[in-house]
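# Architecture at a glance
Here's the letter readout for the chains.
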Amino acid sequence: MAKLSIKGLIESALSFGRTLDSDYPPLQQFFVVMEHCLKHGLKVRKSFLSYNKTIWGPLELVEKLYPEAEEIAASVRDLPGLKTPLGRARAWLRLALMQKKMADYLRCLIIQRELLSEFYEYHALMMEEEGAVIVGLLVGLNVIDANLCVKGEDLDSQVGVIDFSMYLKSDDDIGGKERNEQIAAILDQKNYVEELNRQLNTVSSLHARVDSLEKSNTKLIEELAIAKNNIIKLQEENHQLRSENTLILMKTQHHLEVTKVDVEAELQTYKHSRQGLDEMYNEARRQLREESQLRQDMENELVVQVSMKHEIELAMKLLEKDIHEKQDTLIGLRQQLDEVKAINMEMYQKLQVSEDAMKEKNEIIGRLEDKTNQINAAMKQLEQRLQQAEKAQLEAENEDEKLKQEYVNKSESLQKEFSQKEKQLLQLETDLKIEKEWRQTLEDDLQKEKETVSHLRIETREIINLKQEFIKLQEKNRQLKRICQDQEAALQELASKLSESKLKIEDIKEANKALQGQVWLKDKEATHCKLCEKEFSLSKRKHHCRNCGEIFCNACSDNELPLPSSPKPVRVCDSCHAILIQRKVMLSSRGSISLLPRDTKSHGPCPFCGACVGPESLSFCCLISQRSVCS
């Protein structure tokens, strides 16, 4: 029977010339025969509740012996409708036939006799040579193409009965050909119906594509708005940066000019002070020489110096005070110079905070000018005091000539005063040393100022470099502007193309709706309004939308528009009304709707977006629909 069923299946499949379905009778008989062959000589396994005798056990071994069979076993276990081992075995046989590997899988089982002895008796068909012959015949089934649906069939409760009439020849074979032709015609019709179903599925996929295109269009419009806002912000920032750069350049140039003038004035004042100090130093040397000469003469002629002693002490104290004041002013000048340097460094490092730094520098420059004026006044006072000291010395010389006669009587007192004068000489020498040190400090300050001048020159060069960089940035900005303009033009072209694509999509939707046909909802099926979701009652009546066929209340469907099906105005819901108006406007003016602002005192939804339009919200009047529209 196995040989007859395999040969008959191959011959009928070749004459049939198409892929075999699960309803094909020779294929069904083949599975029944294979099931009987696999059941022959099975050992009965005792379980806790009953006896078990199934062919699923030996078929599970194929998964271990042949690795490619793991997919079939896993898919059979995952099928939800199969509950018995026999159903799983039947599904396994069908999947193996579709894979064209049934002969390979069963050959692996027959080779492993030791493993099969656990499931079959020694006289079983699969344990003898006849099993190998059947497996060899199964190789011919690789010619057949089968497309079997395993999920829909009830494999657990099928009864495997062999129909011998298929394998017996009779006089009715001539009539069987006509039946086969009729069956072939029926199968052709079936394939045609399946193709129609596939085309309907393609229509649904087109709907999904249309929805995805609408979403992508909305996303592109949002990205266009965001890009335009970013371009406007960048332009504003560019204008601000230009204005700030011009202000910073003007302030730095003015500050450089002021600092140059101040440095030149300070250099001139230092030169004048240097000349005055040199003159003072020469005069002090002359005085030392004169006093050394007078020292020899004063041994005999210093009697009258007692009266002048107090005045000289007062003058020396004043000189000491002046020297201390000059030292304090020099220390203050040094500190102020250090502050000026620090401020200059901060100015070049922080261009953005240049205004505050300029104010501080102006204040410091004013203080320096005041202090330079004070130094000049102090120098003039010193010159006046030196002139007074010279006059005092001349008067002393005149008085010395007068007092020579009185020298004899007052020699003892002069010796005491001589020791005091030596002390004064030592003090004068120390003062000269202090003045020398002060002169050296002034020279150091001059060198430091020269260094500051060199720093300022370097900074001017850096400013020139900054100007060049600024010019380069302006050129880059112009290039970016050109690129932005090109992008805006491209975006405008995209927007026009998007509007055209929207119109095409809506035309496709209308065509699809016309093909599919609109569903007219029955009154019994609707209990609530589709838009506001309020329940219908005696006061709130039901109304059909003549465009979409849905049921709405009077408030949500109080619009009238002419439709392709009826030239007269017909009742239409708010959503269909908004879509139809928008389509008319886009067809007439490519997406431009003329709106006028007005004050609304009535509540109601916007026909375009559905938002509530109340007396407090800003609203407009559409010139086409004469209805209030939200902002």
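Please refer to the structure placed before this passage.
Summary of the structure given here.

### Considerations on the packing of helix α2 (residues 25-39) against helix α5 (residues 85-99)
Interaxial distance between α2 and α5 falls to 11 Å at its minimum, and their mutual angle equals 120 degrees. On the basis of the axis angle, α2 is oblique to α5. Both α2 and α5 take part in a crossing whose hand is right-handed. Of α5, the residues touching α2 (which contributes Leu27, Phe31, Glu35, Leu38 and Lys39) are Leu86, Arg90, Leu93, Arg94 and Leu97. Looking at the contact of α2 with α5, its residues break down into six nonpolar, no polar and four charged.

### Observations regarding a negative patch on the surface
On the surface, a cluster of negative charge is made up of Glu290, Glu390, Glu397 and Glu401. Top contributing element to the negative patch by residue count: helix α11 (residues 354-403), with three residues. Mapped onto the elements of the fold, glutamate 397 is located in helix α11.

### Details of the nonpolar core
Counting 54 residues, the largest nonpolar core has Phe30, Trp92, Leu106, Tyr120 and Leu138 as its most contacted members. Listing elements by their share of this core, those giving two or more residues are α1 (2-16), α2, α3 (56-65), α4 (70-78), α5, α6 (102-111) and α8 (129-138). Of the residues forming this core, the biggest block, eight residues, is contributed by α5. Once you skip the residues sitting within four places of it in the chain, tryptophan 92 turns out to touch Trp56, Leu59, Val62, Ile72, Val76 and Tyr105. Core analysis: the second largest hydrophobic core is formed by 17 residues, Ala526, Cys545, Leu563 and Val585 among them.

### Here we look at the pattern of salt bridges
In total, this model carries eight salt bridges according to the counting rule given. With a closest N to O distance of 3.1 Å, aspartate 104 and arginine 107 form a salt bridge. Here aspartate 104 and its partner arginine 107 are both found in helix α6, three residues apart, which amounts to about one turn of the helix. Among the residues examined, aspartate 104 registers a relative accessible area of 28% and is labelled partly exposed. A residue is classified by how much of its surface remains accessible, and arginine 107, at 34% relative accessible area, is partly exposed. Via salt bridges that share partners, Glu35, Lys39 and Arg90 belong to a single interconnected network.

### Remarks on the environment of alanine 73
Topologically, alanine 73 is positioned in helix α4. Classification of alanine 73 by relative accessible area gives buried; the value is 4%. Sequence-wise, alanine 73 and leucine 59 are 14 residues apart; in three dimensions their C-alpha atoms are separated by 9.0 Å.

What counts as what
- Residues numbered from 1 in each chain as written.
- Predicted model: local features only at pLDDT ≥ 70, side-chain atom pairs only at ≥ 80, totals over all residues.
- Heavy atoms only, no water.
- Axes fitted to C-alpha atoms, helices over the stretch in contact; angles between N-to-C directions.
- Helix = DSSP H or I, 4+ residues; strand = E, 2+ residues; numbered from the N terminus.
- Parallel < 35°, antiparallel > 145°, perpendicular 65-115°, else oblique.
- Left-handed = near helix turned anticlockwise from the far one by under 90°.
- Contact = heavy atoms within 4.5 Å.
- Nonpolar A, V, L, I, M, F, W, Y, C, P; charged D, E, K, R; others polar.
- Patch = residues over 30% accessible without salt bridge, like charges linked within 9 Å, V, L, I, M, F, W, Y side chains within 5 Å.
- Areas by Shrake-Rupley, 256 points an atom, 1.4 Å probe, with all protein chains shown as cover.
- Salt bridge = Lys/Arg side-chain N within 4 Å of Asp/Glu carboxyl O.
- Lys, Arg positive; Asp, Glu negative; His and termini not counted.
- Charge placed at Lys NZ, Arg CZ, Asp CG, Glu CD.
- Core = buried A, V, L, I, M, F, W, Y, C linked by side-chain atoms within 4.5 Å.
- Buried < 20%, exposed > 50% of the residue type's maximum accessible area, 1.4 Å probe, protein only.

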